[in-house]
Amino acid sequence: AKMKGEENLGAVVAHVLAFPCPAQGHVNSMLKVAQLLALHDVRVTFVNTDYVHNRLVRFGDIDTLLASYPTLQFKTISDCFTEEDHPGIGDRVGDVINSINLHAKPLLRDILLTQKVTCLIADGVFGSLTNILARQLGITIIHFRAVSACSIWSYLCSPKLLECNELPIRGDEDMDRIICNTPGMENLLRCRDLPSMFRPNRKGHLMSIDSVVFQTQQSLQADAFILNTFEDLEIPVLSQMRLHFPKLFTIGPLHHHLNLRKSEANKASLPNDTNSLKGNLFPVDRSCMVWLDDQPERSVIYVSFGSVALITREELLEIWYGLVNSKKRFLWVMRPHMITGKVGEDQIPVELEEGTKDRGFMAEWTPQDEVLRHKAIGGFLTHSGWNSTLESIEAGVPMICWPYFADQQINSRFVSEVWKLGLDMKDVCDRNIVENIVNDLMVHRQEEFLKSAQKMATLAHKSVIEGGSSYCNLDDLIHYIKSTTL
Ligand code: UDP
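Scoring rules and cut-offs
Residues numbered from 1 in each chain as written. Predicted model: local features only at pLDDT ≥ 70, side-chain atom pairs only at ≥ 80, totals over all residues. Heavy atoms only, no water. Salt bridge = Lys/Arg side-chain N within 4 Å of Asp/Glu carboxyl O. Helix = DSSP H or I, 4+ residues; strand = E, 2+ residues; numbered from the N terminus. Buried < 20%, exposed > 50% of the residue type's maximum accessible area, 1.4 Å probe, protein only. pLDDT = per-residue confidence, 0-100. Contact = heavy atoms within 4.5 Å. Near = heavy atom within 4 Å. Polar contact = N/O pair within 3.5 Å; in protein donor to acceptor, adjacent residues only side chain to side chain. Nonpolar A, V, L, I, M, F, W, Y, C, P; charged D, E, K, R; others polar. Core = buried A, V, L, I, M, F, W, Y, C linked by side-chain atoms within 4.5 Å. Pairing = 2+ DSSP bridges. Axes fitted to C-alpha atoms, helices over the stretch in contact; angles between N-to-C directions. Arc of directions from axis to C-beta. Expected span 1.5 Å × (residues − 1).

### Here's the deal with the pattern of salt bridges
Under the definition given, this model contains 18 salt bridges. With a shortest N-O distance of 3.0 Å, Arg-261 and Asp-475 are connected by a salt bridge. One end of the pair, Arg-261, is in helix α11 (residues 254-264); the other, Asp-475, is in helix α21 (residues 469-482), with 214 residues separating them in the sequence. Given a relative accessible area of 2%, Arg-261 falls into the buried group. For Glu-370, the salt bridge goes to Arg-286, with nearest N and O atoms at 2.7 Å. With a gap of 84 residues between them, Glu-370 in helix α16 (residues 368-373) and Arg-286 in the loop between α12 (275-278) and α13 (287-293) connect regions that are remote in the sequence. Each of Arg-190, Asp-193, Arg-413, Asp-424 and Lys-426 takes part in salt bridges that share partners, so that together they form one network.

### Examining the confidence of the model for the protein
Chain-level pLDDT for the protein is 93 on average; 94% of the residues reach the 70-or-more range. This model gives residues 1-11 a pLDDT under 50, and the stretch forms four contacts once residues within four places in sequence are excluded. Complex prediction metrics read pTM 0.95 and ipTM 1.00.

### What to know about the site of the ligand
Close to the ligand lie 19 residues; Ser-307, Thr-366, His-383, Ser-388 and Glu-391 are nearest. Contact between the ligand and Gln-368: an oxygen atom at 3.4 Å from a side-chain N or O atom of the residue. In the environment of the ligand, an oxygen atom lies 2.6 Å from a nitrogen or oxygen atom belonging to the side chain of Glu-391. Counting residues per element, the shell around the ligand draws most heavily on helix α17 (residues 386-395), at four residues. When grouped by side-chain class, the residues that make up the shell around the ligand number four nonpolar, 14 polar and one charged.

### Side note on the nonpolar core
Counting 120 residues, the largest nonpolar core has Met-241, Phe-305, Leu-331 and Trp-332 as its most contacted members. The biggest single contributor to this core is helix α8 (residues 149-163), with eight residues. Setting aside residues up to four positions removed in sequence, Leu-331 forms contacts with Cys-288, Trp-291, Leu-292, Val-300, Ile-301, Tyr-302, Val-303, Phe-361, Ala-363 and Val-371.

### Examining the environment of Pro-183
Take Pro-183: it is sitting in the loop between α8 and α9 (209-218). With 286 residues separating them in the primary sequence, Pro-183 and Ser-469 have C-alpha atoms 23 Å apart. Once residues within four sequence positions are removed from consideration, Pro-183 is found in contact with Trp-153, Cys-157 and Gln-240.

### Re the sheet that holds strand β15 (residues 422-424)
Strands in a sheet are paired, the pairing made by backbone hydrogen bonds, and the direction either parallel or antiparallel. Taken in spatial order, the six strands line up as β12-β10-β8-β13-β14-β15 in an open sheet, and their pairing is parallel. Single-partner strands in this sheet number two, and they are β12 (360-363) and β15. Ignoring which end each strand starts from, the neighbouring axes of this sheet average 15 degrees apart. Inspection of the sheet shows strand β8 (residues 300-304) paired to strand β13 (residues 377-382) by five bridges, in the parallel sense. If you follow Ile-301 over to β13, its bridge partner there is Gly-379. Packed on one face of the sheet, helix α15 (residues 350-359) meets β10 (329-333) and β12 and runs near 95 degrees to β12.

### Brief notes about the side chain of Gln-24
Within the fold, Gln-24 resides in helix α2 (residues 24-39). For Gln-24, a relative accessible area of 4% corresponds to the buried category. Contacts of Gln-24, omitting those with residues within four sequence positions, involve Gly-279, Asn-280, Leu-281, Phe-282, Ser-307 and Trp-365.

### Details of unusual backbone geometry
Generally, phi is negative for residues other than glycine and the peptide bonds are trans, each holding for most cases. Cis geometry is adopted by the peptide bond preceding Pro-168, which originates at Leu-167 and carries an omega value of 0 degrees. Along the chain, the position of Pro-168 falls in the loop between α8 and α9. A cis amide bond, omega -5 degrees, links Gly-252 with the succeeding residue Pro-253. Along the chain, Pro-253 turns up in the loop between β7 (248-250) and α11. Even without being glycine, Asp-41 reaches a positive phi, approximately 65 degrees. Using a relative accessible area of 46% as the deciding quantity, one classes Asp-41 as partly exposed. Here Asn-187, not a glycine, exhibits a phi torsion of approximately 55 degrees, which is positive. For Asn-187, a relative accessible area of 53% gives the class exposed.

### Overview of helix α3 (residues 50-59)
All of the buried residues in α3 are Val-52, His-53, Arg-55, Leu-56 and Phe-59. Buried residues along α3 cover an arc of 160 degrees about the axis, so they all sit on one side.

### Focus on the environment of Ser-388
By the element assignment, Ser-388 lies in helix α17. Here the alpha-carbon distance between Ser-388 and Ser-287, two residues 101 residues apart in the chain, equals 20 Å. Dropping the residues within four chain positions of it, Ser-388 is found in contact with Gln-368, Leu-372, Phe-380, Thr-382 and His-383.

### A look at the pairing of strand β1 (residues 15-19)
Of all the five residues making up β1, five are buried; the element is thus mostly covered by neighbouring parts of the structure. The alternating pattern of β1 places His-15, Leu-17 and Phe-19 and Val-16 and Ala-18 on opposite faces, both of which are buried. Bridge analysis of β1 against strand β2 (residues 43-49) gives four bridges, and the strand direction is parallel. Looking at β2, one finds that His-15 is bridged to Arg-43. Note that β1 and strand β4 (residues 119-123) share four bridges and pair parallel. Paired with Ala-18 across the strands is Ile-121, a residue of β4.

### Comments concerning α21
A rise of 1.5 Å per residue sets the reference length of α21, with its 14 residues, at 20 Å; its end C-alpha atoms lie 20 Å apart and thus fit the reference within 8%. Every buried residue of α21 is listed here: Ser-470, Tyr-471, Asn-473, Leu-474, Leu-477, Ile-478, Tyr-480 and Ile-481.

Okay, here's the thing in structure tokens:
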């Protein structure tokens, strides 16, 4: 028998299992999707690998998260690596993805069944596995990708590019050739601007291009697709994608959207700034905020290459010299273990030490979205990870892009050539170039870049307020999810 009031409680039946790709930028964005759903009374079971979950427990205040969202719970599964030989959450994440695709099916199936899940929201890198599971169990399957629409679209264009001989890339001397058969982004991309998996000599242990393209194509068979982007940012590409994805929900920028929805829901009990709510997998050092408070407005360039990118000793020194010689102030995130080829204290040239003492601040991990919104920040030297790009856009901060791998190569092309939000320094690392480009961004062309960054920030904000495209899409998505049953 129905309980009193149950007819209004369609939400109670719907139960989402959220399964992110086990890396920083993916877990924190999926966690935001989960929070947006939980804010609207959807039950969410968030499934992490043990490895990721341990870090989330260590570096985030997970109890606050659970206390804030009564309909949210966590479960964990093994990724089939032992503690000793674990590839971590760095640039070998491709190995973890492969392992999950091979081994995780029975583990996920067990949770889906015992929790009576009605809707699976999985990272699209697990496309094939999760489609099969959902079909077998008769539940709704939605794919989520934490990367740009333009990168996804480039993967989907790949068969056509192969067919008309625009791919594969033929080697280093082929890198400046322009790619044509990419509707929505014609004549924009050079070979070097395609996601790095397309390169013959690719960095890091990423998934192979064949397997990225294969998994991305699986999203065409999912019931719906969620992207962390907004219409005004990527409309030409999104229009092309919609020809293939009838239910494509753009609900970003997620971090800003979540903050607004929280205040709208008027949940005073929801703290804004705890680590767990941001999904940090590294210990946050807030001392840089105090340093920033003492710096003049728009005077500091923030330097961060995200959670995965590695940097060689030579590259480190070139960038460091460039920054010091530019005479600009800088705040630099240097993750422990990010440098390959150790730099001992004694090997740091004295002029770098001096220049850093005068104008620089080094941090191991910052509260990045707060840093970017700080009034002292005037630019961002970034690896062009998608979360960093969106955070910079939302904060109206112009960028210098130095992409490391994956979608970063195409994101940086859009930043510089389509959105005109900064300068692209891809495939180059030279102290004179760094010095000049920093001065271009922070001095000579500052006004121009700040103006376009402000404009784009306004569009980002508009998309997530009531009536905006991301706002409406999220409402539609919630409505859709609430209609799912077993
Ligand atoms: N981040 C942070 N503190 C730092 C550096 C990065 O909180 O010192 C966050 C950043 O705000 C972003 C995420 O880590 O949300 C990195 O994701 P992104 O997609 O930019 O790059 P990835 O780490 O996946 O390469």
